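Per-entry structural report
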Amino acid sequence: MTELEKYLADFKEAVVNVYPISDKAFNLLAETVYIQQFKKNEVLLREGHVANDIFFVCKGALNSYFIDEKGAIWNKWIYLERDFASTRFSAIIKTPNEFTLQAIENTTVVCLPYHQTRKAINQNDELKNLYIAYLEKKWIVINEEREISLLTESATARYLKLLQAHPGIENRIPLQYIASHLSITPTQLSRIRKELTR
């Protein structure tokens, strides 16, 4: 299996995990996608631009962040292998995006262009169901789980859960990004890491 074939196989597995579509429906979707590579620190989507793609991370890592009025950087989300990175709000209502999406490592993604993907979705009921399931999982289930976690779990518990979901992330991703992803300060994260090694 070539590297390209592996990326597409991983993409298909992730898609079917969201909603079980047939090979025929997947092939219709696959006709709209393409593979793209980004170097470390390269920007995929800049703040103030309208988002036009969903990115499936094949290899590497992405970070979404925004800069406040005082120039402070706030990291919104870290995306790792097999994650879907997107800002559907910007694409759907054609408004400038409020976040910057940047590669933390050399990263390979499957790009799903919004307009071509929506055209395929409109032609196929299975893809319509996939899109609904994706929106429900991405914007309702995952976000609500994150909100509940922030309200009910300690920072240490959230960090351990992140390590369990993504083994080795602490060796790949700058700790300030991880801290922001967990809604804590880098100092708090350092303290947690020290306590866990005792």
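So, a few notes on the structure that sits alongside this text. Since the structure is predicted, the reported quantities are computational estimates derived from the model, not experimental observations. (Residues numbered from 1 in each chain as written. Predicted model: local features only at pLDDT ≥ 70, side-chain atom pairs only at ≥ 80, totals over all residues. Heavy atoms only, no water.)

Describing the overall build of the chain
- Per the secondary structure count, the chain includes nine helices and eight strands.
- In terms of overall dimensions, the chain is globule-like: its C-alpha atoms have a radius of gyration of 18 Å, near the 16 Å expected for 198 residues.
- With respect to the principal axes defined by its C-alpha atoms, the chain has extents near 55 × 40 × 35 Å.
- Within the span of the chain, comprising 198 residues, buried residues form 40% of the whole.
- Contacts in the chain between residues at least 24 apart in sequence constitute 73% of all its contacts with a sequence separation of at least 6. (Helix = DSSP H or I, 4+ residues; strand = E, 2+ residues; numbered from the N terminus. Rg over C-alpha atoms; globule rule 2.2 N^0.38 Å. Buried < 20%, exposed > 50% of the residue type's maximum accessible area, 1.4 Å probe, protein only. Contact = heavy atoms within 4.5 Å.)

Here's the deal with the environment of Thr-108
- Turning to its location among the elements, Thr-108 is positioned in strand 8 (residues 107-113).
- For the pair Thr-108 and Ser-86, spaced 22 residues apart in sequence, the C-alpha to C-alpha distance is 15 Å.
- The contacts of Thr-108, once residues within four sequence positions are left out, are Tyr-7, Ile-35, Gln-36, Gln-37, Phe-56, Val-57, Cys-58 and Lys-59.

Overview of the packing of helix 1 (residues 3-18) against helix 2 (residues 23-30)
- Interaxial distance between helix 1 and helix 2 falls to 11 Å at its minimum, and their mutual angle equals 120°. One finds that helix 1 runs oblique with respect to helix 2. Helix 1 and helix 2 meet at a crossing whose hand is right-handed. Two secondary-structure elements touch here, helix 1 through Leu-8, Phe-11, Lys-12 and Val-15 and helix 2 through Asp-23, Phe-26 and Leu-29.
- For the contact of helix 1 with helix 2, the residue count by class is five nonpolar, no polar and two charged. (Axes fitted to C-alpha atoms, helices over the stretch in contact; angles between N-to-C directions. Parallel < 35°, antiparallel > 145°, perpendicular 65-115°, else oblique. Left-handed = near helix turned anticlockwise from the far one by under 90°. Nonpolar A, V, L, I, M, F, W, Y, C, P; charged D, E, K, R; others polar.)

Concerning the sheet that holds strand 5 (residues 73-79)
- Here we have four strands laid out as an open sheet, ordered 2-7-4-5, and antiparallel in their pairing. The open sheet has two free edges, formed respectively by strand 2 (43-45) and strand 5, since each of these has just one partner strand. Neighbour-to-neighbour, the strand axes of this sheet turn through a mean angle of 30°, independent of strand direction.
- By the bridge criterion, six bridges tie strand 4 (residues 62-67) to strand 5 in an arrangement that is antiparallel. Bridged to Tyr-65 within strand 5 is Asn-75. (Pairing = 2+ DSSP bridges.)

Some remarks on the environment of Thr-107
- Along the chain, the position of Thr-107 falls in strand 8.
- The buried category is assigned to Thr-107, whose relative accessible area is 2%.
- If near-sequence neighbours (up to four positions away) are discounted, Thr-107 is found in contact with Gln-36, Gln-37, Phe-38, Val-57, Lys-59, Gly-60, Ala-61 and Leu-62.
- A distance of 3.1 Å separates a polar atom in the side chain of Thr-107 from the backbone oxygen of Ala-61.
- A distance of 2.7 Å separates a polar side-chain atom of Thr-107 from the backbone oxygen of Glu-105. (Polar contact = N/O pair within 3.5 Å; in protein donor to acceptor, adjacent residues only side chain to side chain.)

Points about helix 2
- Along helix 2, the residues classified as buried are Ala-25, Phe-26 and Leu-29. Across the axial projection of helix 2, the buried residues extend over an arc of 100°, all falling on one side. (Arc of directions from axis to C-beta.)

Details of the pairing of strand 7 (residues 100-103)
- By the alternation rule, side chains of strand 7 split into Thr-100 and Gln-102 and Leu-101 and Ala-103, which are all buried.
- In terms of strand pairing, strand 2 meets strand 7 through two bridges, oriented antiparallel. Counted as the bridge partner of Leu-45 is Leu-101 from strand 7.
- Sheet topology places strand 4 next to strand 7; four bridges connect them, and they run antiparallel. Across the sheet, residue Asn-63 finds its bridge partner in strand 7, namely Gln-102.

Examining the pairing of strand 3 (residues 53-59)
- Burial analysis of strand 3 places six of its seven residues in the buried class, the great majority of the element.
- Here strand 3 pairs with strand 8 via six bridges, running antiparallel. Across the sheet, Val-57 pairs through a bridge with Val-109, a residue of strand 8.
- Taken together, the two bridges between strand 3 and strand 6 (residues 84-85) define a ladder with antiparallel strand orientation. Its bridge partner being in strand 6, Phe-56 is matched across the sheet by Phe-84.

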